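# Fold and geometry: a report
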Amino acid sequence: MKKFVNVEDYRQAARRRLPRIAFDYLDPGAEDGITCQLNRQRLQDIYFEPRVLQGVATADVDLRVNTFGAVYRLPLAIAPTGFASLFWPQADVGLARCAAQAGIPYIMSTASTTSIEEVARQTDGGATRWFQLYLLNDRDVTAAIVERARDAAYSALVLTVDTPCAGKREASIRHGARLPLRLDAEKLLDFAQHPGWAWQMLRHGQPRLANFSYSREEPFLMETHLKRRIDWKDVRWLRQAWSGPLILKGVQCVQDAQLALEHGLDAIVVSNHGGRQLDGAQSPMQVLGMITQTVGQKLTVMADSGFRRGSDVVKALAYGAHSIWLGRATLYGMAARGPQGAAHVLSIIEDEMRRTMTLLGVGNLAELNASLIRPA
């Protein structure tokens, strides 16, 4: 059996196992993929300036982080990812369990293929679950979803704000990667060439959005129900509706970070949606340092988009990020080997973080700072 030693190994295995419709939904970015590539390039363009003779051994490295009053083993979280069961049956449950085992939060997507309540039932009582929300045109339905998340003990709410329209994801458009799947000759041939994936889909049924009710006359199509014209008034409404930690995901400039602070947010995620929305947008690493310097003392600043190595995570933490959310990385593991693969991806990134910090001469997260890194 192939030995998996890094996230790229899992990405290549996912490419081999998944039919085109699934991998083209998972991997590419919007349009020309400029921002997708930039996310990786900007991380690679940051270099370390390690200190020696610091008396640090790998066993000494402490990666614990306190988030909203709870202590987690690692400064990581599993990011919200929609349609995850397109890659492996019951993937949402598998990801939630992996997060619990790793001692980090799991964030469920509004577009999950297992319901809010079912994931809560199938995860350990001590697990941390947060819920990511897309606002819907019907505010009563939105409020009901928020209430369901509260009742199911999701302890933080994440509002995604970088989707006033869908990015032009050309691979998905070209091959029809959407739910419900619409079969044609091209897809049937592709499925036949990926029998392991096809057999799982036959056994478990086609994935579908699980947090909404359907009727035969009007199946729920997410794009027709999302509220696209959202503004800070919606944030104020949600702040009143949700008393727990409220996180704004998709902030990409200092001005919006300041507005988030003024509107009573508890945290932000500096993110370009993994390069899947506005192609040509800057990488989070180009603005993260400025944002943390401006609001980092009063607002918890997290980040995602493009993180594939433990060393990537350490670079962002040195710029002042509180924690990093992993989206594609854990999905590559899930797509290649199921929950075992996703759990292994987390352990790989943890190991790389510990090695990086040891080689930097840093024993805990509080010691990380911008003096340890240099931009190219």
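Reading guide: rules and limits
- Residues numbered from 1 in each chain as written.
- Predicted model: local features only at pLDDT ≥ 70, side-chain atom pairs only at ≥ 80, totals over all residues.
- Heavy atoms only, no water.
- UniProt positions renumbered as here; feature names shortened; annotations may be inferred.
- Helix = DSSP H or I, 4+ residues; strand = E, 2+ residues; numbered from the N terminus.
- Buried < 20%, exposed > 50% of the residue type's maximum accessible area, 1.4 Å probe, protein only.
- Contact = heavy atoms within 4.5 Å.
- Areas by Shrake-Rupley, 256 points an atom, 1.4 Å probe, with all protein chains shown as cover.
- Lys, Arg positive; Asp, Glu negative; His and termini not counted.
- Charge placed at Lys NZ, Arg CZ, Asp CG, Glu CD.
- Polar contact = N/O pair within 3.5 Å; in protein donor to acceptor, adjacent residues only side chain to side chain.
- Phe/Tyr/Trp six-rings, centres within 6.5 Å; stacked < 30°, edge-to-face > 60°.
- Salt bridge = Lys/Arg side-chain N within 4 Å of Asp/Glu carboxyl O.
- Core = buried A, V, L, I, M, F, W, Y, C linked by side-chain atoms within 4.5 Å.
- Arc of directions from axis to C-beta.

As named in an unreviewed UniProt entry, the protein chain is (S)-mandelate dehydrogenase, taken from Achromobacter kerstersii. Turning to the protein chain, the UniProt annotation filed under Sequence similarities (unreviewed entry) states: "Belongs to the FMN-dependent alpha-hydroxy acid dehydrogenase family." As its UniProt record puts it under Cofactor (unreviewed entry), the protein chain is described as follows: "FMN".

### Focus: the overall build of the protein chain
When its secondary structure is counted, the protein chain shows 16 helices and 12 strands. Taken along the three principal axes of its C-alpha coordinates, the protein chain extends 65 × 55 × 40 Å. Within the protein chain, the fraction of its 376 residues that count as buried is 57%. If you take every contact in the protein chain between residues at least 6 apart in sequence, the share linking residues at least 24 apart comes to 75%. Counting only carbon and sulfur atoms, one obtains 51% of the accessible surface of the protein chain, whose full area is about 16700 Å². Placing the 44 positive and 38 negative side-chain charges of the protein chain at their respective mean positions leaves the two points 3 Å apart.

### Some words on unusual backbone geometry
What you tend to see is this: most non-glycine residues have negative phi, and most peptide bonds are trans. Positive phi is not limited to glycine here, since Phe-68 has a value of about 55°. On the secondary structure map, Phe-68 appears in the loop between β2 (65-67) and β3 (70-72). For Phe-68, a relative accessible area of 33% puts it in the partly exposed group. The residue Ala-153 is not glycine, and still its phi comes out positive at about 70°. Its location among the elements puts Ala-153 in the loop between α6 (139-151) and β7 (156-160).

### Description of the UniProt feature "binding site: glyoxylate" (unreviewed entry) in the protein chain
Within this numbering scheme, the UniProt entry marks Tyr-25, Gln-132, Tyr-134, Arg-169, His-273 and Arg-276 as carrying the feature "binding site: glyoxylate" (unreviewed entry). Along the chain, Arg-169 turns up in the loop between β7 and α7 (170-175). Beyond its immediate stretch of four places on either side in the chain, Arg-169 contacts Gly-29, Ala-30, His-273, Arg-276 and Gln-277. Secondary-structure assignment places Arg-276 in the loop between β9 (267-270) and α13 (284-295). Not counting the four nearest positions on each side in its chain, Arg-276 is found in contact with Tyr-25, Leu-26, Pro-28, Gly-29, Ala-30, Gly-167, Arg-169 and Arg-328. Within polar-contact distance, the side chain of Arg-276 engages the backbone oxygen of Tyr-25 at 2.8 Å.

### Remarks on the packing of aromatic side chains
Using the criterion set out here, one finds seven aromatic pairs in the structure. Each ring, one from Phe-68 and one from Trp-130, has its centre 5.7 Å from the other, and the planes form 50°; the classification is tilted. Of the two residues, Phe-68 sits in the loop between β2 and β3 while Trp-130 sits in strand β6 (residues 129-133), which places them 62 residues apart along the sequence. Of the residues examined, Trp-130 reaches a relative accessible area of 2% and is grouped as buried.

### Let's talk about the pattern of salt bridges
By the definition in use, this model includes 20 salt bridges. With its nearest N and O atoms 3.2 Å apart, the salt bridge here joins Glu-8 to Arg-11. Linking Glu-8 with Arg-11, this pair stays in helix α1 (residues 7-17), spanning three residues, or about one helical turn. Residue Glu-8 is classed as partly exposed on the basis of its relative accessible area, which comes to 37%. Between Arg-239 and Asp-266 there is a salt bridge, with the nearest N and O atoms lying 2.9 Å from each other. With a gap of 27 residues between them, Arg-239 in helix α11 (residues 232-241) and Asp-266 in the loop between α12 (254-262) and β9 connect regions that are remote in the sequence.

### A closer look at the nonpolar core
In this structure, Ile-268, Ile-291 and Trp-325 are the most contacted members of the largest nonpolar core, which totals 118 residues. Ranked by residue count, the leading element in this core is helix α16 (residues 339-360), at eight residues. In this view, Trp-325 contacts Ala-77, Ala-79, Pro-80, Ile-107, Trp-130, Val-158, Ile-247, Lys-249, Val-269, Met-302, Ala-303 and Asp-304; residues no more than four positions away in its chain are not counted.

### Side note on helix α8 (residues 185-192)
Within the sequence span of α8, burial applies to Lys-187, Asp-190 and Phe-191. The buried residues of α8 occupy an angular sector of 100° when projected down its axis, which confines them to one face. The exposed set on the far side of α8, more than 90 degrees from its buried face, consists of Ala-185, Leu-189 and Ala-192. Turning to α8, the residues buried within the fold contact α2 (20-26), α7 and α9 (195-204).

### Re helix α15 (residues 328-337)
Judged by how many residues are buried, α15 sits mostly within the fold: 10 of 10 residues are covered. Among the residues of α15, those classed as buried are Arg-328, Ala-329, Thr-330, Leu-331, Tyr-332, Gly-333, Met-334, Ala-335, Ala-336 and Arg-337. Positive backbone phi, at 75°, marks Gly-338, one or two positions downstream of α15.

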